[in-house]
Amino acid sequence: MKKLTSALILLLIIVVVGGLGLRHLAQSQMESAIADLRAAIGPGASFTYATAAPRILARGARLTAVTYRNPALSLTASEAIVGRVTGNTIDGQHIGTLTLRQVQIMEPGATASIASLVLKGLVLPNTGPDLFRAPTPPRLDSLTLDSAQLTDLHVAVPAGQTDLTVAHATIRDYGLGRTSHLDVDTLAVQIRLTPTRRIGIGHLRIDGPDFAGQIASLLQSGHLIHTVGRRRFDVSALTIDTASPLLRVGHLEAEQEASAGQDELETTITDLTAWPTPPQDQSLLRVIGYDHFAGRIHAVSTIQRQAGTMTLHPLDIDAPEMGHMTILADLDQIPVDDPANMPETARIVSATIDWQDRSLAGHVLDGLARARQVDAEPYRQQVQAALAASPDPSMQALGHFLAQPDQRLRVMLRPPRPISVLMLGVALSMAGDPSTAGMLGLSISTP
């Protein structure tokens, strides 16, 4: 009995002493890791906390009232839980897991708050002394992440009177040269500048881009660079509103295959509803008797980057209440790296437009009659008679279509010189003029 008691006492002593030794070792390792982290964040930055306790089995620590500051921003968190810290190696500071709670971020012109942020596989760049480079603070594009999850994000930009909220978001495989993936649930943006805008997205998924590479491009040159590879975009429940609804999209899918010289893009938009922008009474839709547009769009396009050309094959627009349009077209002067400027620069080289009418033709004639303050039916007959008497076969075909709009109408544009997309609508409204028709290379038929 005495031997058993002695053995138990000895075991207890070993456990206590060993536990104290492990705790001392863990404390030492934690302090060393914090020192490495401070070295990794670079000069001009500070890292402080209220309390720190080692997590022995997790090879990490739990810190409270954490603050990180650099000349560009300030970050605070009520709690930081760190695990699987492997030290400051040649390629950077490795942190297996990092959980931040009640995060506040402040930078000039914007603030952000996050309820919870969980980072896994985080690598901070090694910015310690180096014989071959000057130490610099880490940038967002220099980090590596296996995954990051955040909940309840709120971003405020007072100067732009803009607020953004995200219920949940996940990013995977983030880092230079990596194929990344982004998932966002319940995104909302409110812009209170006149006119106010409210934008909402139920779910957003992006697969394929090198997000870190794109951020690096923006930081270094101010614009995005072209990268090769396959990318996929998936958006559900998109809404845009002012004082009244402007846009509803049930589902948008886009898939891009980019090479050094060519971009191929396929886009499908379903359950699309669009309302005129204020003042609504002056919109073209209202003029021709529609309250809104509802339909589906499918587009397949190919861009030749060196030539700056685009081929639509096809652009398909199906509006059950209006009609069905299919467009095959070749365009030039495409700003391949600045698509926002496409409407201003793009020109039509050739186009073929097929139209299957459901109600649009009648609405257009009725709208023209109202604009002239005449009765609709006599005006219809007058237009049809004038077109039928025209010596131009295209105008005769248009008159035949208006008399029987259940048949297919084909409009072909083969201009001698490319024509600006912005001028096309004006030119088509004057298509009855032979000189304008010649400029467009216009021919109309009912095949």
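Predicted model only: the values in this text are computed from it and were never measured. (Residues numbered from 1 in each chain as written. Predicted model: local features only at pLDDT ≥ 70, side-chain atom pairs only at ≥ 80, totals over all residues. Heavy atoms only, no water.)

**A look at the overall build of the protein**
The line we're drawing: Each helix corresponds to a stretch of at least 4 residues labelled H or I by DSSP, and each strand to a stretch of at least 2 residues labelled E; elements are numbered beginning at the N terminus. Partly exposed residues are those whose accessible area sits between 20% and 50% of the maximum for their type, while under 20% is buried and over 50% is exposed, using a 1.4 Å probe and protein chains only. Here, residues are in contact when the closest pair of their heavy atoms is within 4.5 Å. Only the protein chains shown count as covering a residue, and every accessible area follows the Shrake-Rupley method with a 1.4 Å probe.
Looking only at helices and strands, the protein features nine helices and 20 strands. Each of the 447 residues in the protein was classed as buried or not, and the buried ones make up 38%. A separation of at least 24 residues holds for 52% of the contacts in the protein among residues at least 6 apart in sequence. Summing over all exposed atoms, the protein offers an accessible surface of approximately 24600 Å²; the carbon and sulfur share of this is 62%.

**Points about the pairing of strand 8 (residues 162-174)**
For clarity, the cut-off: A pair of strands is labelled paired if DSSP reports no fewer than 2 bridges between them.
Sheet topology note: the strand 7 (residues 145-157)/strand 8 ladder contains 11 bridges and is antiparallel. The residue of strand 8 that forms the bridge with Ala-148 is Ile-171. In textbook terms, the turn of a hairpin is the stretch between consecutive antiparallel strands, and for strand 7 and strand 8 this stretch comprises four residues, one of which, Gln-161, has a positive phi near 45°. Hairpin connection from strand 8 to strand 9 (residues 181-191): six residues lie between these consecutive antiparallel strands, with Gly-175 at a positive phi of about 155°.

**Notes on the nonpolar core**
Inclusion rule: Nonpolar core, defined: a set of buried Ala, Val, Leu, Ile, Met, Phe, Trp, Tyr and Cys residues in which side-chain atoms within 4.5 Å join the residues together.
Counting 82 residues, the largest nonpolar core has Leu-98 and Leu-331 as its most contacted members. For this core, the element with the highest residue contribution is strand 6 (residues 110-124), accounting for six residues. Among all residues touching Leu-98, those that are not within four sequence positions of it are Ala-80, Ile-81, Val-82, Leu-117, Val-118, Leu-119 and Leu-122.

**Notes on the packing of helix 5 (residues 360-371) against helix 6 (residues 376-388)**
This is how it is decided: Fitted lines through C-alpha atoms serve as axes, helices being fitted only where they are in contact, and the angles separating the N-to-C directions of these axes extend from 0 to 180 degrees. An angle below 35 degrees is read as roughly parallel, one above 145 as roughly antiparallel, one from 65 to 115 as roughly perpendicular, and any other as oblique. Each residue gets one of three labels, nonpolar for Ala, Val, Leu, Ile, Met, Phe, Trp, Tyr, Cys and Pro, charged for Asp, Glu, Lys and Arg, and polar for the others, Gly among them.
The interhelical angle for the contact between helix 5 and helix 6, taken along N-to-C directions, is 110°, at an axis separation of 9 Å. In terms of orientation, helix 5 and helix 6 fall into the roughly perpendicular class. Touching Gly-362, Leu-365, Asp-366, Leu-368 and Ala-369 of helix 5 are Ala-376, Tyr-379, Arg-380 and Val-383, all from helix 6. Taken together, the residues that form the contact of helix 5 with helix 6 break down as six nonpolar, one polar and two charged.

**Notes on the confidence of the model for the protein**
Atomic detail in the predicted coordinates should be set aside for any region of low pLDDT. To keep it simple, the criterion reads: A residue's pLDDT is the predictor's confidence in that residue, given on a scale from 0 to 100.
Here the protein shows a mean pLDDT of 83. Residues at 70 or above account for 82%. In this model residues 1-26 is a low-confidence stretch, pLDDT under 50, and it forms six contacts with partners more than four residues away in sequence or in other chains.

**Thoughts on the side chain of Thr-273**
Position of Thr-273 relative to the elements: it lies in strand 13 (residues 262-274). Assessed through its relative accessible area of 18%, Thr-273 is described here as buried. The contacts of Thr-273, once residues within four sequence positions are left out, are Leu-246, Leu-247, Arg-248, His-292, Phe-293 and Ala-294.

**Quick look at the pattern of salt bridges**
The cut-off we apply is this: Any Lys or Arg side-chain nitrogen located within 4 Å of an Asp or Glu carboxyl oxygen qualifies as a salt bridge.
Evaluated as defined, the whole model comprises 18 salt bridges. Among the salt bridges present, the one from Arg-62 reaches Glu-79, with a minimum N-O distance of 2.5 Å. Taken together, the positions of Arg-62 in strand 3 (residues 60-70) and Glu-79 in strand 4 (residues 73-89) put the pair 17 residues apart, joining distant regions of the chain. Residue class for Arg-62 comes out partly exposed when judged on its relative accessible area of 40%. Overall, the relative accessible area of 14% leaves Glu-79 in the buried class. A salt bridge links Asp-354 to Arg-410, with the nearest nitrogen and oxygen atoms 2.7 Å apart. Of the two residues, Asp-354 is situated in strand 17 (residues 347-357) and Arg-410 in strand 18 (residues 408-413); the sequence distance between them amounts to 56 residues. Overall, Asp-354 belongs to the buried group, its relative accessible area being 16%.

**Overview of helix 7 (residues 393-403)**
The criterion, for reference: For the purposes of these results, a polar contact is taken to be a pair of N or O atoms within 3.5 Å, where, inside protein, one atom must be able to donate a hydrogen and its partner to accept one; residues adjacent in sequence count only when each atom of the pair is a side-chain atom.
For helix 7, the set of buried residues is Ser-394, Met-395, Ala-397, Gly-399, Phe-401 and Leu-402. Along its buried surface, helix 7 packs onto strand 17, helix 5, helix 6, strand 18 and strand 20 (442-445). At the N-terminal boundary of helix 7, the capping side chain belongs to Asp-392, with an oxygen 2.9 Å from the backbone nitrogen of Ser-394.

**Observations concerning the pairing of strand 12 (residues 245-258)**
The sheet contact formed by strand 11 (residues 229-241) and strand 12 spans 12 bridges and is antiparallel. Each bridged residue has a counterpart across the sheet, and for Ser-236 the counterpart in strand 12 is His-251. Taking the residues that link successive antiparallel strands as the turn, the strand 11-strand 12 hairpin has three residues. One ladder, built from 11 bridges, connects strand 12 with strand 13; its direction is antiparallel.

**Some remarks on helix 6**
Heads up, the rule is: A helix is expected to reach a length of 1.5 Å times the quantity of its residues less one. Working definition: the arc comes from the directions between the helix axis and the C-beta atoms, pointing outward to the latter.
Counted at 1.5 Å a residue, the expected span for helix 6 with its 13 residues is 18 Å, and the 18 Å between its end C-alpha atoms agrees. Of the positions making up helix 6, those classed as buried are Tyr-379, Val-383 and Leu-387. Relative to the axis of helix 6, the buried residues are bounded by an arc of 65° and lie together on one face. Residues of helix 6 that are exposed and point more than 90 degrees away from the buried face comprise Gln-382 and Ala-388. Each element contacted by the buried residues of helix 6 is listed here: helix 5 and helix 7.

**Quick word on the environment of Pro-158**
You can see Pro-158 is positioned in the loop between strand 7 and strand 8. By relative accessible area, Pro-158 is classed as exposed at 58%. Sequence spacing of Pro-158 and Gly-109 is 49 residues, and the spatial spacing of their C-alpha atoms is 6.7 Å. Among all residues touching Pro-158, those that are not within four sequence positions of it are Gly-109 and Ala-110.

**Comments concerning the packing of helix 6 against helix 7**
Helix-helix packing: each pair is described by the crossing angle between the helix axes and the interaxial distance. Counted only if it meets this: Note on convention: the crossing is left-handed when the near helix lies turned anticlockwise from the far helix by less than a right angle, right-handed when the turn is clockwise.
As a packed pair, helix 6 and helix 7 sit with axes 7 Å apart at the nearest point and diverge in direction by 145°. In this structure, helix 6 crosses over helix 7, and the sense of that crossing is left-handed. Residues Val-383, Gln-384, Leu-387 and Ala-388 of helix 6 touch helix 7, and the partners they reach there are Met-395, Gln-396, Leu-398, Gly-399, Leu-402 and Ala-403. Counted by class, the contact of helix 6 with helix 7 contains seven nonpolar, three polar and no charged residues.

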